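A closer look at the structure
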Amino acid sequence: MNKIAYYPGCTLSNTAKNFDLSARESMKALGWELDEMPKWNCCGTVYSLASDNLINHVAPIRLLVRAQEAGHDRLTTLCSMCYHTIKMANHLVRKDPDKLEKINFYMEPDPAYKGKVEIVHVLEMLKKDIGFESIRAKVVKPLNGLKLDCYYGCLLTRPKEAALDDVEQPTVMDDLVKALGAEAVYDPYLTECCGSYHTVMDKDVVADKAGRIIESAKKKGAEAIVTSCPLCFFNLDARQKDIAAKTGRAPGLPILYFTQLMALAFGLGPEVCMFDLHYVDPRPLLKAKNLM
Amino acid sequence: MQGFPLGYRPVDEGGILKPANERIHGGLLAKVEEISGEKVFRCMQCGSCAAGCPMHDRMDISPNQVWKLLQMGEVEKVKESKSIWACFSCYTCGVRCPKGIDLARVMEALRQLLLRKRRDYADGNKIPEETLREVPPIAIISCLRKLSG
Ligand code: SF4
Ligand code: SF4
């Protein structure tokens, strides 16, 4: 069994346990243990764009120090926001040794970060460490006949320093679901923002933005949307209640994490998917397709 | 002074030639450039940022107008706009800009001008309990980090 240091972040340990568990189990089936770091802190969730204030980069850099301390040269994560924030902060201190030195001074008595830890998303591992052919070989229950819209959102692919794929036309999740036997539909809204943190202050914005994405997915014939971000998941799933209140029509489109699809296709059973955490229940669809 | 585009025209202040952006509005524009790390006069008004912005419909000053107004020294006007709070740093404008400049950073700088003066947009104490219970932790943390100081 291969091992990689894993940073779950606060949301995967909280409202997105379905993402965390399905990821751990399906990665195990692929021969990779997601080894949770013994000590971790919140990454800060957003990368600060103010170039004159370094304090906001301390949280993600401290995480990289924790990984470095444990002797890891790679760290993986699943949440798009964590991935983005850590990767951008890592990029910043690698290209600017002055800033790294200042942050290191501030973090004392923590050991200094040397800039050597690589942050990789699980999707990158699937593509590069494992490969879609090996993934296809593990499938025992192909997702045949399932039409999926892979939605990437903002932070996995933008800006280019943070991108794990093409900034405008990413394909990694599409390639994954195809390897699992599903059909990927093309949706032009694949990298459009879902409304992000406005979900706290202004549900109406999210009802608009997420509503547009869902509507487009349905027009393209998708039966579910696939995501890799717990905030996109919430905005697309639970905010369907607010979309219904606003438009008078409930979209009723299930939202799934890519890891749940892997778990189903690898025959790990619906237990690891924790579908009871979903607002729109995906089980009727999955049953109709004989996937559970 | 012919040969200089409007914004770049240097002025003679006690023998020192200063670019326009440093003298406008008591250095506020220079502050925006310092915080954002972007040069506002690089914008050529092609409109690509506005065309791709998913929050365009919620803004009172559109993305390309933000640049134009800054070039004209109207920092106050942009600073008091709805647009800076509507922007959620989705980075679409930046990746599509043919000049390689990033409005997300300028929007952040403008928010920072207010947040650093304790003009918060979000108040953690006013988030309804129902919201606190339903949204994921990353939503609350990012909202408060972006919209309060
Ligand atoms: S895309 Fe770039 S050059 Fe074009 S208007 Fe926007 S900021 Fe200016
Ligand atoms: S980062 Fe802000 S201004 Fe730029 S496209 Fe996104 S919401 Fe619009």
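This write-up is about the structure you can find in this document. This is a predicted model, so every value here is computed, not measured. (Residues numbered from 1 in each chain as written. Chains lettered and ligands numbered in written order. Predicted model: local features only at pLDDT ≥ 70, side-chain atom pairs only at ≥ 80, totals over all residues. Heavy atoms only, no water.)

Considerations on the site of ligand 1
Under the convention used in this document: Nearness here has a simple test: a residue counts as near a molecule or strand if at least one of its heavy atoms is within 4 Å of that partner. Each residue is assigned to one class: nonpolar for Ala, Val, Leu, Ile, Met, Phe, Trp, Tyr, Cys and Pro, charged for Asp, Glu, Lys and Arg, and polar for all the others, Gly among them.
Around ligand 1 lies a shell of 13 residues, among which Cys43(B), Cys46(B), Cys49(B), Trp67(B) and Cys97(B) are the nearest. When grouped by side-chain class, the residues that make up the shell around ligand 1 number 8 nonpolar, 4 polar and 1 charged.

Describing the packing of helix H2 (residues 17–29) of chain A against helix H13 (residues 258–265) of chain A
Two numbers describe a pair of packed helices, the interaxial angle and the distance between the axes. Residue and element names in this part refer to chain A. The following threshold applies: For helices, the fitted line uses only the C-alpha atoms of the stretch in contact; every axis is such a line through C-alpha atoms, and the angle between N-to-C directions lies from 0 to 180 degrees. Working definition: helices are DSSP H or I runs of at least four residues, strands are E runs of at least two. Numbering for both runs from the N terminus. Any angle that falls under 35 degrees is termed roughly parallel, while one over 145 is termed roughly antiparallel, one within 65 to 115 roughly perpendicular, and all others oblique. What makes a crossing left-handed is the near helix being turned counterclockwise from the far one by less than a right angle; a clockwise turn instead makes it right-handed. Residue contacts follow a heavy-atom distance rule, with two residues in contact if any of their heavy atoms lie within 4.5 Å.
Following both chains from N to C, one finds H2 and H13 inclined at 45°, their axes separated by 8 Å at the closest point. When the interaxial angle is binned, H2 and H13 end up oblique. H13 is crossed by H2, and the crossing has left-handed handedness. Contact residues: H2 offers Asn 18, Phe 19, Ser 22, Ala 23 and Ser 26, while H13 offers Phe 258, Thr 259, Gln 260, Met 262 and Ala 263.

Focus: the sheet that holds strand S4 (residues 118–121) of chain A
All names here are of chain A. Selection criterion: Whether two strands pair comes down to DSSP finding at least two bridges between them.
Within the open sheet, the 4 strands sit side by side as S2-S1-S3-S4. Their pairing is parallel. Single-partner strands in this sheet number two, and they are strand S2 (32–36) and S4. The sheet shows a mean angle of 45° between the axes of neighbouring strands, direction not considered. Looking at chain direction, strand S3 (residues 74–77) and S4 are connected through 4 bridges and run parallel. Following the sheet pairing, Leu 75 is matched in S4 by Ile 119.

Observations regarding the interface of chain A and chain B
Filter applied, for reference: Throughout, buried area stands for the accessible area (probe radius 1.4 Å) lost by two parts on being put together, summed over both. Just to be clear on terms, a salt bridge is a Lys or Arg side-chain nitrogen sitting within 4 Å of an Asp or Glu carboxyl oxygen. Polar contacts, as used here, are pairs of N or O atoms within 3.5 Å; protein pairs need one atom able to donate a hydrogen and one able to accept it. Residues neighboring in sequence count only if both atoms are side-chain atoms.
Counting from both sides, the interface comprises 49 residues of chain A and, opposite them, 42 residues of chain B. Summing both partners gives a buried area of about 3800 Å² for chain A against chain B, and 60% of it is carried by carbon and sulfur. Contact with chain B buries area across many residues of chain A, yet Leu49(A), Tyr197(A) and Val200(A) alone supply 21% of it, more than any other trio. Inspection of the region where chain A meets chain B yields 8 salt bridges. Taken together, the connections running from chain A to chain B amount to 21 residue pairs in polar contact (both at pLDDT 80 or more). If you list the elements that add at least two residues to the side of chain A that touches chain B, you get helix H1 (9–12), helix H4 (80–95), helix H9 (198–201), helix H10 (203–219), helix H11 (230–237) and helix H12 (240–247) of chain A. Broken down by element, the residue count for the side of chain A that touches chain B peaks at 6 residues, all from H10(A).

Topic: the pairing of strand S1 (residues 2–7) of chain A
All names here are of chain A. As paired elements, S1 and S2 share 5 bridges and run parallel to each other. Note on S2: the bridge partner recorded for Tyr 6 is Glu 36. Where S1 lies against S3, 3 bridges are found, and the strand directions are parallel. When the sheet's bridge partners are listed, Tyr 7 is paired in S3 with Thr 77.

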